[in-house]
Amino acid sequence: MADARTLFDTVTTGALTLPNRIVMAPLTRSRADNPDHAPTAMHAEYYAQRASAGLIIAEATQISPQGQGYAFTPGIHSEAQVAGWRAVTDAVHAAGGRIVLQLWHVGRISHPSLQPGGGLPVAPSAVRPAMKAFTPDGFVEIPTPRALDIGEIPGIVEDYRRAAANALAAGFDGVEVHAANGYLIDQFLRDGTNTRTDAYGGSVDNRARFLFEVLDAVVAEAGAGRTGIRLSPLSPSNDAHESDPVGTFSPVIERLNDYGLAYLHMIEGQTRAPHPGFGGDLAALRRLYRGTYMANNSYDRALAIRAVESGHADLIAFGRPFIANPDLVERLRRDAPLAEPDQATFYGGGARGYTDYPALAG
Ligand SMILES: Cc1cc2nc3c(=O)[nH]c(=O)nc-3n(C[C@H](O)[C@H](O)[C@H](O)COP(=O)(O)O)c2cc1C
């Protein structure tokens, strides 16, 4: 008889072999506070401290200057950034870990002060998000974005391809396409943010066209076995709405089955809200996917064990718990208490609230 599945099993998925099923979720920390927007020695220390995770998904990282939407986030489009990330991946590998990079274009969730030449942020359609942007001068209202001309789209797909190539050159074990949380790919998917009437708008197939063009380009570079994708079908994050989440996301998830990806990473319910439970729309979407399924959102130890042992999920990604618990895997193993993260130091700043959370003694 096969052994029971546990949170602490070794799993192989695609080209990745993970020593446990506990994943560090991507977490923007806005500490690339230098003119190159490059990771620093502090990033290397932070990620190496968390190398006991089965897999680290490094923070969302802009694929191009246009893809940036928050102050001090790192990129993967210049030599200095590749060099900065190389030091990070070397440190994680030296500490025995595995790390992939989350590829990010924010679309309309940006501000001219963060855009090349002070231009307007771009989006599928000129629909303004009721949101503020985190800029070097603090939080400011986001303006109405500029709708992308259809002729600009191949260039953005190419930016994703180049970013994937750069990530591999920087020593990452793979890449995750960020198609969640109301950023550019998700803006194309949702009918609340995509009102285009060309080949990229209207039907679900058309709204998903950009996602699959990006995925094809990234897979061509990294290979399916080193590529994951993150979706948040039931989350209206960043004011991105969808009138029929199950109708829109079902065909997308079904089509993802054909790719043989390293994983599908699902934010279950509303990002950062309590976990919605395993029924309803989540169950309807979950059962469509036949590959490796990574679950995220407000998991604790008990829920993670239940999700893995019941077969709901193959991998569990933890976000906030990894901020304050660099040794989260060991704490979950021992059922030790978890430290609480300090929200005031989530974004920006230095080592405080970043690399100074201790591991358990002994
Ligand atoms: C400080 C912070 C930064 C985040 N940055 C990202 C990010 O860069 N990319 C992303 O996909 N999600 C990001 N998220 C969402 C987390 O990955 C995760 O989905 C969310 O925190 C829920 O998981 P948790 O309950 O385990 O924290 C962020 C969340 C927090 C708290």
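In this text, all values refer to a predicted model and were calculated from it rather than measured experimentally.

Any chance you could break down the packing of helix α1 (residues 41–49) against helix α2 (residues 79–94) for me, citing the residues and the numbers?
At their nearest, the axes of α1 and α2 sit 8 Å apart, and the two run at 25° to each other. When the axis of α1 is compared with that of α2, the two are roughly parallel. Handedness of the crossing formed by α1 with α2: right-handed. Contact residues: H43, A44, Y47 and A48 in α1; W85, A87, V88, A91 and V92 in α2.

Could you give an account of the sheet that holds strand β10 (residues 174–178), with specific residues and numbers?
Overall, parallel pairing links the eight strands, which are arranged β3-β4-β5-β10-β11-β12-β13-β14 in a closed barrel. Across the sheet, the mean angle separating the axes of adjacent strands is 25° when strand polarity is ignored. Bridge analysis of strand β3 (residues 22–24) against strand β14 (residues 315–318) gives three bridges, and the strand direction is parallel. When the bridges of β14 are listed, V23 appears paired with A317.

Could you give an account of unusual backbone geometry, naming the residues involved and the relevant values?
Glycine aside, residues mostly have negative phi angles, and peptide bonds mostly take the trans form. Of note, H37 is a non-glycine position whose phi angle comes to about 50°, a positive value. Counting through the fold element by element, H37 comes out in the loop between β3 and α1. Phi at S298 is positive, roughly 55°, even though this residue is not glycine. Mapped onto the fold, S298 is located in the loop between β13 (293–296) and α9 (301–309).

Residues and numbers for the site of the ligand, please.
Close to the ligand lie 21 residues; T28, R230, N296, S298 and R320 are nearest. Within the backbone of A60, one N or O atom sits 3.3 Å away from an oxygen atom of the ligand. Take Q102: an N or O atom from its side chain is 2.8 Å from a nitrogen atom of the ligand. Split into classes, the residues belonging to the shell around the ligand amount to nine nonpolar, nine polar and three charged.

Go over the nonpolar core with me, naming the residues and quoting the values.
Within soluble globular proteins, side chains that are nonpolar tend to cluster in buried spots. Membership of the largest hydrophobic core comes to 83 residues, with the highest contact counts inside it found for Y47, L103, F210, L231, L256 and I316. Here this core takes nine residues from helix α6 (residues 209–222), the largest share from any one element. Residues contacting Y47, with those up to four places away along its chain left out, are M24, L27, I56, A58, E59, W85, V88, V92 and I99. Among the nonpolar cores identified, the runner-up in size contains 13 residues, and V11, I57, V100 and A262 belong to it.

Describe the pattern of salt bridges, and please don't skip the residues or the numbers.
Two side chains carrying opposite charge are able to pair once their charged atoms lie near each other. The final tally for this structure, using the stated rule, is 16 salt bridges. Residue R161 is joined to E158 by a salt bridge in which the shortest nitrogen-to-oxygen separation is 2.7 Å. Taken together, the positions of R161 and E158, both in helix α3 (residues 153–169) and three residues apart, correspond to about one turn of that helix. Judged by relative accessible area, which is 26%, R161 ranks as partly exposed. A salt bridge links R301 to D335; the shortest N-O distance between them is 3.7 Å. In this pair, R301 sits in helix α9 while D335 sits in the segment after α11 (328–334), placing the two residues 34 residues apart along the sequence. Residue classification places D335 among the exposed positions, given a relative accessible area of 52%. The network of salt bridges with common partners includes R128, K132 and E141.

Would you mind going over the side chain of T345 in detail, with residue names and values included?
Relative to the helices and strands, T345 resides in the segment after α11. Assessed through its relative accessible area of 7%, T345 is described here as buried. At 3.0 Å, the side chain of T345 and the backbone oxygen of D342 are in polar contact. Not counting residues up to four positions away in its chain, the partners in contact with T345 are R29, R31, R352, G353 and Y357.

Summarise the environment of Y183; cite the residues concerned and give the values.
Considering the arrangement of structural elements, one finds Y183 in the loop between β10 and α4 (184–189). Judged by relative accessible area, which is 8%, Y183 ranks as buried. For the pair Y183 and V100, spaced 83 residues apart in sequence, the C-alpha to C-alpha distance is 19 Å. If we ignore the near neighbours within four places in the chain, the residues touching Y183 are Y70, W104, H105, V106, I109, H178 and N238. Separated by 2.6 Å, the side chains of Y183 and Y70 make a polar contact.

I'd like a rundown of the packing of α6 against helix α7 (residues 245–256), residues and numbers included.
Where α6 meets α7, the axes come as close as 11 Å, and the angle between the chain directions of the two elements is 20°. It follows that α6 is roughly parallel to α7 by the angle criterion. The two elements α6 and α7 meet at a crossing, and its hand is right-handed. Contact with α6, carried on its side by L211, F212 and L215, involves V252, R255 and L256 of α7 and no other residues of that element. Here the residues of the contact of α6 with α7 are counted per class, giving five nonpolar, no polar and one charged.

Describe the environment of D258, and please don't skip the residues or the numbers.
Topologically, D258 is positioned in the loop between α7 and β12 (263–267). For the pair D258 and Y354, spaced 96 residues apart in sequence, the C-alpha separation works out to 39 Å.

Reading guide: rules and limits
Residues numbered from 1 in each chain as written. Predicted model: local features only at pLDDT ≥ 70, side-chain atom pairs only at ≥ 80, totals over all residues. Heavy atoms only, no water. Axes fitted to C-alpha atoms, helices over the stretch in contact; angles between N-to-C directions. Helix = DSSP H or I, 4+ residues; strand = E, 2+ residues; numbered from the N terminus. Parallel < 35°, antiparallel > 145°, perpendicular 65-115°, else oblique. Left-handed = near helix turned anticlockwise from the far one by under 90°. Contact = heavy atoms within 4.5 Å. Pairing = 2+ DSSP bridges. Near = heavy atom within 4 Å. Polar contact = N/O pair within 3.5 Å; in protein donor to acceptor, adjacent residues only side chain to side chain. Nonpolar A, V, L, I, M, F, W, Y, C, P; charged D, E, K, R; others polar. Core = buried A, V, L, I, M, F, W, Y, C linked by side-chain atoms within 4.5 Å. Buried < 20%, exposed > 50% of the residue type's maximum accessible area, 1.4 Å probe, protein only. Salt bridge = Lys/Arg side-chain N within 4 Å of Asp/Glu carboxyl O.

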